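# Results of the structural survey
Chain by chain, the residues:
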Amino acid sequence: MENITNLSYKNSKMRAKDIALIGLLSATITGGKLALSFIPNVEIVTLLFIIYANVFGIKRTFLVSLIFTTTEIFIYGFSTWLIVYYFVWPLLVVLSGTLGKKVKSEYGFAILGGIYGLGFGAFFAVAESFFYGWAYGITYWVRGLPFDIIHGVSNFILILILFKPLQKVISHQGKRIILD
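The notes below deal with the structure included here.

Thresholds applied
- Residues numbered from 1 in each chain as written.
- Predicted model: local features only at pLDDT ≥ 70, side-chain atom pairs only at ≥ 80, totals over all residues.
- Heavy atoms only, no water.
- Helix = DSSP H or I, 4+ residues; strand = E, 2+ residues; numbered from the N terminus.
- Contact = heavy atoms within 4.5 Å.
- Buried < 20%, exposed > 50% of the residue type's maximum accessible area, 1.4 Å probe, protein only.
- Patch = residues over 30% accessible without salt bridge, like charges linked within 9 Å, V, L, I, M, F, W, Y side chains within 5 Å.
- Areas by Shrake-Rupley, 256 points an atom, 1.4 Å probe, with all protein chains shown as cover.
- Salt bridge = Lys/Arg side-chain N within 4 Å of Asp/Glu carboxyl O.
- Axes fitted to C-alpha atoms, helices over the stretch in contact; angles between N-to-C directions.
- Parallel < 35°, antiparallel > 145°, perpendicular 65-115°, else oblique.
- Left-handed = near helix turned anticlockwise from the far one by under 90°.
- Nonpolar A, V, L, I, M, F, W, Y, C, P; charged D, E, K, R; others polar.

Inspection of the secondary structure assignment puts T30 in helix α1 (residues 16-35). In contact with T30, not counting residues within four places along its chain, are F68, T71 and I75.

Structure follows, in structure tokens:
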């Protein structure tokens, strides 16, 4: 898997190209989420974070995850879900970037995305438990299991089908942006 993470980090200073790239990547994730928002729990966010972490590195993609989450506040408002988003997306970035050094197949990333989708409701249930009690958290999680199953299965399928072609295009374009 091609990785261009170290091509532009001279002395760990962020260049204008990096800032523009991070903004562009954040916008594509937000746009991708909005484009599929009419289908419950089918999203492209997980796939894009996995690809971005492997192509552009953990540092840049971590910043993208924070910008994406902050943008979500402006779109959907402030609530308890925000705490989970500030945890769950950066965690996915770190896991993806770390696994990317070992996983060479889209199947490994599809499994990661599937597990992530299946566990998504559990992350929220834990956070809700802190605010409303464990009984509420468990009820929240159980009530959302059908959606988590859809989320996990759709992540698995989307990543299995789209990972290689998107990773190839994004890596190629990323090299052009970073090396220019």
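Positioned with a positive phi, N41 is a non-glycine residue whose angle comes to about 60 degrees. Relative to the helices and strands, N41 resides in the loop between α1 and α2 (45-56). Classification of N41 as partly exposed rests on a relative accessible area of 29%.

Here we come to a nonpolar patch on the surface. Nonpolar side chains collect at one region of the surface, where I83, V126, F130, F131, Y132, W134, Y136, I138, W141 and V142 lie side by side and expose about 1,100 Å² of accessible area between them. Elements with a minimum of two residues in the nonpolar patch: α5 (106-132) and α6 (134-179). Structurally, the position occupied by W134 is in helix α6. For W134, a relative accessible area of 55% puts it in the exposed group.

Here α1 crosses α2 at 160 degrees, and the two axes come no closer than 9 Å. As far as their axial angle goes, α2 and α1 are roughly antiparallel. For α1 against α2, the interelement crossing comes out right-handed. Counted together, L21, L25, T28, I29 and K33 of α1 and V45, L48, F49, Y52 and F56 of α2 form the full contact between these two elements. Class assignment of the residues belonging to the contact of α1 with α2 gives a composition of 8 nonpolar, 1 polar and 1 charged.

These results come straight from atomic positions and should not be treated as a statement about function.
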